[in-house]
Amino acid sequence: MIFSLHIQARSNPAMLEKILQTTRVRGFSIRSMDVKSCDTERLLKIHLTVESDRPQERLVTQLNKLGGIRELTALHAVADSAPLVERNLQKVSLMYPV
Amino acid sequence: MAGSGPAFEAGASREMNGAEYIVRKLISEGVDTLFGYPGGCVMPLYDALLESPIRHILCRHEQGTAFAANGYARSSGRIGVCLATSGPGATNLMTGLADAYMDSVPMVAITGQVPTALIGTDAFQEIDVLGMSLPITKQSFLVQAIDELPEILDQAFRIALEGRPGPVLVDLPKDIQLATLSEPTIPHLSGERISNTTTPAQWQQAIELMNTSRRPIIYGGGGILLGDAVSPFRQFVETTGIPAVFSLKGLGALPGDHPLNMGMLGMHGSVAANQVVQEADLLIAVGVRFDDRVTGKLSRFAPHAQVIHLDIDPAEIGKLRQAVCALPGDIKQSLKALTIKLNLLDWQSQCLERLEQDGFALPAQDGITGPHFMRLLSQTTRGQAIISCDVGQHQMWVAQHYAFDHPRKHLTSGGLGAMGFGLPAAIGAQLANSEIPVINVAGDGSFMMNAQELATIGRYRLPTKIIILDNQALGMVRQQQSVCYQGRYSEIDLSDNPDFCTLARAFGIPAQSISDPDDMAYAINKLLETPGPALLHVAIATEHNVWPMVKPGDANDQIITGANP
Ligand SMILES: Cc1ncc(C[n+]2csc(CCOP(=O)(O)OP(=O)(O)O)c2C)c(N)n1
Ligand SMILES: [Mg+2]
């Protein structure tokens, strides 16, 4: 299954590495990734498309736990070419406030 | 909290450097003991420590410092703090941090780093410690400017304890330790725990499942202790009357002799514990993560059971086994909400019968056996000592036969299974618990992985006791080669072990050796009565294996009991 995530994360040193590492270790391979840094808010805005035969929740719950994640929205697609359909919008509570 | 000298009064603010600030912060967090090893990039910190009231314990290897801090934390529930220099100092810490990460142990590790301007130049003793530590810490920080220091340290101490605990690393360039911090105020630790995210409707659903179940089993783990839930857990078991099995890290959550305590399940669990789980129609999973050492072949684990899963970490719920009822959040609150009276007399007596028939048995073998020894140690100490294990067969014999009166007394490297854990962890535990006997139960292989810490025990005259179960082999590996590789033994022989008693004496630690079962009681008593440190070397047969056993990849109902049960 292929799905996308919108992530807003604090631009700490190694934040991006931690997201990539979690994605890889939990069994998801990256199809595409777009990162913009927003200096005024010290934020990274990331759009990540991943593929795996593991359920999406496995990645979402793990990313959710990372310190510095401010918002995480999961989008879902059934196939490569299908349009992305918004599945669930979860505003992640701030575990580690900025 | 330790007393404080004039330069370290918490709350006072004056100009100071980063290193002095760190020491002040440690004091304000109540850190009384620090495990460390100095080097070039932490020189400013060591200088600042000289005048501080913090007790610094110099271990003899940074892995020793990390495991000692880890043992301090496990045995006290407080944050264990360790300190190392950049490069090799920091890399040596990693195993201890990985262990803390796997077993959710609150720790803060501070590592020196080369000065900011040299980062990225392959400077002397420069290693990307931040990058290295990412997968084995809850969070890692690199302090890039002195202004960031207060907030980062504050976060480090909060994150280590908050929610599901874990290790946090702070990498500190040398220039930051020397930079001036003007008018610092020390932020206060909030100490807030994550509030429960379960709703009353979910508790209601769980209660309905409990009311309709005929064969419920509780499967308890390390989360019971970590969630500070031992008392509500015991109340929950007492009131509901549901029999309970435990993972390695859940042992002690119920007293060993409690009639509803079915003991350990999984790879080296009892036949009885594994059987009742296979028969259960409801599994109440409390602070567990369905580790493969527990479940065996996952698809055949508890095949008839619906699962209620209580855990602080929502990512654990449904990770490996679907829960029909997910109760994320504070398990203490959930347990209280689920404490209802049930009538399970038939099921209880079936379970008790199983336990009598197929609980852990003592083998009929010559010489001293691990099970006999552990049972005697358990009886002699009444399950009240802190036992710090290493990894291998001896670790399983402790788990099977030592009846812990509280899970905090059982220090064991569960998730990582790191040989060499036991001795330094015992040092940390002893420093956190001067009143309680602390015993390191080691294997001959594991002991040699951090044997240098005998020097630490000797130096501080810690009353820690060491028991080496010496089978002259990497016994657990040998056992797997025996069971799964047709007895093709490869690199497991340790028959050229040193004389452990001579080794101990070289560090000023008295030692004795036994091999006759008739000497066990006397030797254990003598060991415990010896003031200060002491070592007991116990010679056991190489051939003795841990039974029962579920082969890796097999289902738990394929458990084998061995030729000599
Ligand atoms: C650091 C580390 N290296 C290797 C292993 C693999 N391993 C698991 S148990 C074991 C043997 C342990 O031998 P010993 O300490 O003598 O205990 P015994 O099984 O003989 O009781 C080994 C090598 C490990 N768990 N940890
Ligand atoms: Mg051995």
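Sequence order as written defines residue numbering, which begins from 1 separately in each chain. Note on labels: chains are lettered from A, ligands numbered from 1, in written order. For a predicted model such as this one, the threshold for reporting local features is a pLDDT of at least 70, and the threshold for listing and counting side-chain atom pairs is 80 or more; totals across whole chains, interfaces and linings nevertheless cover every residue. The basis for the side-chain values is all heavy atoms of the structure; hydrogens and waters are excluded.

Participant: What exactly am I supposed to notice about the site of ligand 1 here?
Facilitator: Residue and element names in this part refer to chain B. Being near a molecule or strand, for a residue, comes down to having at least one heavy atom within 4 Å of it. What surrounds ligand 1 is a group of 17 residues, the closest being Gln393, Gly417, Asp444, Ser446 and Gly475. In this structure, glycine 417 approaches ligand 1 through a main-chain N or O atom, which is 2.8 Å from a nitrogen atom. Contact distances for ligand 1 include 2.7 Å between an oxygen atom and a side-chain N or O atom of serine 446. Considering ligand 1 on its own, with 590 Å² of exposed area, one finds that the protein chains cover 76% of that surface. Strands are runs of DSSP state E lasting at least 2 residues, helices are runs of H or I lasting at least 4, and numbering of each runs from the N terminus. Residue assignment for the shell around ligand 1 shows that the elements contributing at least two residues are α16 (393-401), α18 (444-447) and α20 (475-484). When grouped by side-chain class, the residues that make up the shell around ligand 1 number 7 nonpolar, 9 polar and 1 charged. For the purposes of these results, a polar contact is taken to be a pair of N or O atoms within 3.5 Å, where, inside protein, one atom must be able to donate a hydrogen and its partner to accept one; residues adjacent in sequence count only when each atom of the pair is a side-chain atom. For accessible areas, the Shrake-Rupley method is used with a probe of radius 1.4 Å. Any residue's cover is judged against the shown protein chains and nothing else. Ten residue types, Ala, Val, Leu, Ile, Met, Phe, Trp, Tyr, Cys and Pro, are classed as nonpolar, four, Asp, Glu, Lys and Arg, as charged, and the remainder, Gly among them, as polar.

Participant: Explanation requested: the side chain of arginine 478 of chain B in the structure shown.
Facilitator: With respect to the helices, strands and loops of the structure, arginine 478 of chain B is situated in helix α20. No salt bridge is formed by the buried arginine 478 of chain B, whose closest oppositely charged neighbour, glutamate 543 of chain B, lies at an N-O distance of 4.6 Å. Throughout this description, buried means an accessible area under 20% of the type-specific maximum (1.4 Å probe, protein chains only), exposed means over 50%, and partly exposed covers the range between. Residues counted as positive are Lys and Arg, residues counted as negative are Asp and Glu, and His and the chain ends are not counted. Basic side-chain nitrogens of Lys or Arg form a salt bridge, by our definition, when they fall within 4 Å of a carboxyl oxygen of Asp or Glu.

Participant: Explain unusual backbone geometry here, please?
Facilitator: With the exception of glycine, most residues fall at negative phi, and the peptide bonds are largely trans. Residue and element names in this part refer to chain B. Look at the link from tryptophan 547 to proline 548: it is a cis peptide, with omega at 0°. Within the secondary structure, proline 548 sits in the segment after β20 (534-539). Its identity as a non-glycine residue notwithstanding, aspartate 228 has a phi of 55°, on the positive side. Summarising the element assignment, aspartate 228 is placed in the loop between α9 (223-226) and α10 (230-240).

Participant: I'm lost on the domain arrangement of chain B in this one. Help?
Facilitator: The figure often quoted for interface size is the accessible area lost as the parts come together. Residue and element names in this part refer to chain B. Domains assigned within chain B are domain 1 (6-181), domain 2 (200-358) and domain 3 (370-546). What fixes the domain bounds is an automatic or database domain assignment. Distance between the C-alpha centres of domain 2 and domain 3: 30 Å. Contacts between the two partners involve 16 residues from domain 2 and, on the opposite side, 18 residues from domain 3. We define buried area as the total accessible area lost by two parts upon association, computed with a 1.4 Å probe and summed across both. Across the domain 2 to domain 3 interface the summed buried area is about 1300 Å²; carbon plus sulfur atoms make up 66%. Considering only the side of domain 2, the residues that lose the most area to domain 3 are Leu225, Leu248 and His268, jointly responsible for 47% of the buried surface there. Note on definitions: a residue-residue contact is assigned when non-hydrogen atoms from the two residues lie within 4.5 Å.

Participant: Would you mind showing me how to read the coordination of the magnesium ion (ligand 2) here?
Facilitator: Residue and element names in this part refer to chain B. The protein atoms donating to the magnesium ion (ligand 2) are Asp444 (OD), Asn471 (OD1) and Ala473 (O), with metal-donor distances spanning 2.0 to 2.2 Å. Counting gaps between the donor residues of the magnesium ion (ligand 2) yields the pattern D-x26-N-x1-A. The pair formed by asparagine 471 and alanine 473 is uniform in burial state, with each residue classed as buried. Water is absent from the atoms considered, so a metal site may look incomplete; donors are defined as N, O and S atoms within 2.8 Å of the metal, or 3.2 Å for Na, K and Ca.

Participant: For this particular structure, what's the right way to read the sheet that holds strand β17 (residues 438-443) of chain B?
Facilitator: Adjacent strands of a sheet pair through backbone hydrogen bonds, lying either parallel or antiparallel. All names here are of chain B. Being paired, for any two strands, means DSSP has found at least two bridges between them. An order of β16-β15-β17-β18-β20-β19 is seen for the 6 strands of this open sheet, with the pairing classed as parallel. Strand pairing shows two members of the sheet lacking a second neighbour, β16 (410-411) and β19 (511-514), which therefore form its edges. Relative to strand β18 (residues 465-470), β17 runs parallel, the two sharing 5 bridges. Residue isoleucine 439 lies in a different strand from β18, and its bridge partner there is lysine 465. Axis definition: a line fitted to C-alpha atoms, limited for helices to the stretch in contact. Angles are taken between N-to-C directions and run from 0 to 180 degrees. Relative to β17, α16 is tilted by about 135°, and along the sheet it contacts β15 (386-389), β16, β17 and β18. Sheet strands touched by helix α22 (residues 520-529): β17, β18, β19 and β20. Its angle to β20, the strand with the most contacts, is close to 160°.

Participant: Just checking my understanding: could you explain the packing of helix α3 (residues 62-76) of chain B against helix α4 (residues 88-102) of chain B for this structure?
Facilitator: When two helices pack together, their arrangement is captured by the angle between the axes and the distance separating the axes. All names here are of chain B. Where α3 contacts α4, the axes come no closer than 7 Å and their chain directions differ by 30°. Regarding the angle of α3 to α4, the classification is roughly parallel. The two elements α3 and α4 cross, and the hand of that crossing is right-handed. In this structure, α3 contributes Glu62, Gln63, Thr65, Ala66, Phe67, Asn70 and Arg74 to the contact, and α4 contributes Gly89, Asn92, Leu93, Thr95, Gly96, Asp99 and Ala100. Split into classes, the residues belonging to the contact of α3 with α4 amount to 4 nonpolar, 7 polar and 3 charged. The cut-offs work like this: below 35 degrees is roughly parallel, past 145 is roughly antiparallel, 65 to 115 is roughly perpendicular, and the gaps in between are oblique. Two helices crossing with the near one rotated counterclockwise from the far one by less than a right angle form a left-handed crossing, whereas a clockwise rotation gives a right-handed crossing.

Participant: What is the right way to read the interface of chain A and chain B from this model?
Facilitator: Residue-level contacts link 16 residues of chain A with 20 residues of chain B. The contact between chain A and chain B buries some 1500 Å² in all, and 48% of this surface belongs to carbon and sulfur atoms. Where chain A touches chain B, the interface holds 2 salt bridges. A salt bridge links arginine 10 of chain A to glutamate 151 of chain B; its shortest N-O distance comes to 3.5 Å. Across the chain A-chain B interface, the total number found is 4 residue pairs in polar contact (both at pLDDT 80 or more). Counting only elements with at least two residues in the side of chain A that touches chain B, the list comes to α1 (15-25) and α2 (56-65) of chain A. Element by element, the count of residues in the side of chain A that touches chain B is highest for α2 of chain A, at 4 residues. Its residues assigned to classes, the side of chain A that touches chain B comprises 5 nonpolar, 5 polar and 6 charged.

Participant: Which parts of the structure should I look at to understand the packing of aromatic side chains?
Facilitator: How two aromatic rings sit relative to each other is given by the distance of their centres and the angle of their planes. Residues and elements named next belong to chain B. Side-chain rings of Phe, Tyr and Trp (the six-membered ring for Trp) are treated as a pair once their centres are within 6.5 Å; stacked means planes under 30 degrees apart, edge-to-face means over 60, and tilted covers the remaining angles. The final tally for this structure, using the stated rule, is 9 aromatic pairs over all chains. A centroid spacing of 6.2 Å and a plane angle of 70° characterise the contact between tyrosine 219 and phenylalanine 301, whose relative ring orientation is edge-to-face. Note that tyrosine 219 is positioned in strand β9 (residues 216-220) and phenylalanine 301 in the loop between α12 (292-295) and β13 (306-311), a separation of 82 residues in sequence. The interplanar angle of 45° and the centroid separation of 4.6 Å between the aromatic rings of tyrosine 402 and phenylalanine 404 together place this pair among those described as tilted. Taken as a pair, tyrosine 402 and phenylalanine 404 share a single burial class, namely buried. Following the ring pairs from residue to residue traces out a cluster consisting of Tyr219, Phe290 and Phe301.

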